[in-house]
Amino acid sequence: MSEIKNIKNTCFVCHSAVTSENSELNKEVFLPVCNMCKGSDKEKKAVEEQLDSLADGLVCGCI
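Conventions used here
- Residues numbered from 1 in each chain as written.
- Predicted model: local features only at pLDDT ≥ 70, side-chain atom pairs only at ≥ 80, totals over all residues.
- Heavy atoms only, no water.
- Helix = DSSP H or I, 4+ residues; strand = E, 2+ residues; numbered from the N terminus.
- Buried < 20%, exposed > 50% of the residue type's maximum accessible area, 1.4 Å probe, protein only.
- Contact = heavy atoms within 4.5 Å.
- Core = buried A, V, L, I, M, F, W, Y, C linked by side-chain atoms within 4.5 Å.
- Salt bridge = Lys/Arg side-chain N within 4 Å of Asp/Glu carboxyl O.
- Pairing = 2+ DSSP bridges.

## A few points about the overall build of the protein chain
Link 1 in the chain: The number of helices and strands found in the protein chain is one helix and two strands.
Link 2 in the chain: Ordered by position from the N terminus, the helices and strands of the protein chain form the series β-β-α.
Link 3 in the chain: Within the protein chain, the proportion of its 63 residues that are buried is 25%.
Link 4 in the chain: Taking contacts inside the protein chain between residues at least 6 apart in sequence as the whole, the part at least 24 apart equals 21%.

## Side note on the nonpolar core
Side chains of a nonpolar character, in soluble globular proteins, are inclined to be buried together.
Link 1 in the chain: By size, the foremost hydrophobic cluster in this structure holds 11 residues: C11, F12, V13, V18, V29, L31, V33, C34, C37, A46 and V47.
Link 2 in the chain: At three residues, strand β2 (residues 31-34) tops the list of elements feeding residues into this core.
Link 3 in the chain: If near-sequence neighbours (up to four positions away) are discounted, V13 is found in contact with V33, C37, K42, E43 and A46.

## Remarks on the pattern of salt bridges
Link 1 in the chain: Under the criterion given, the structure shown has one salt bridge.
Link 2 in the chain: A salt bridge links E24 to K38; the shortest N-O distance between them is 3.6 Å. Taken as a pair, E24 in strand β1 (residues 23-26) and K38 in the loop between β2 and α1 (41-54) lie far apart in primary sequence, 14 residues in all.
Link 3 in the chain: You can call E24 partly exposed: its relative accessible area is 41%.

## Digging into the environment of F30
Link 1 in the chain: Of note, F30 is situated in the loop between β1 and β2.
Link 2 in the chain: Sequence separation of F30 and V47 is 17 residues, and the distance between their C-alpha atoms is 9.9 Å.

## Here's the deal with the pairing of β1
Link 1 in the chain: Sheet topology places β1 next to β2; four bridges connect them, and they run antiparallel. Looking across to β2, one finds that N26 is bridged to L31.
Link 2 in the chain: Connecting β1 to the antiparallel partner β2 that follows it, the hairpin turn spans four residues, and F30 within it adopts a positive phi of roughly 55°.

Here is the structure:
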């Protein structure tokens, strides 16, 4: 993806624009998820991908 989107206004699963009225914060990765993706298998897979990417080349005592 060549353009950088504002992660506060984008669903981390489907990358659609979200507002506080049509989304919630995923408590595992602290990123917004739209009401359509919330609780879906796609969300679970996206959470796994986000958490896996945290460990790529990094060592942190806080996780």
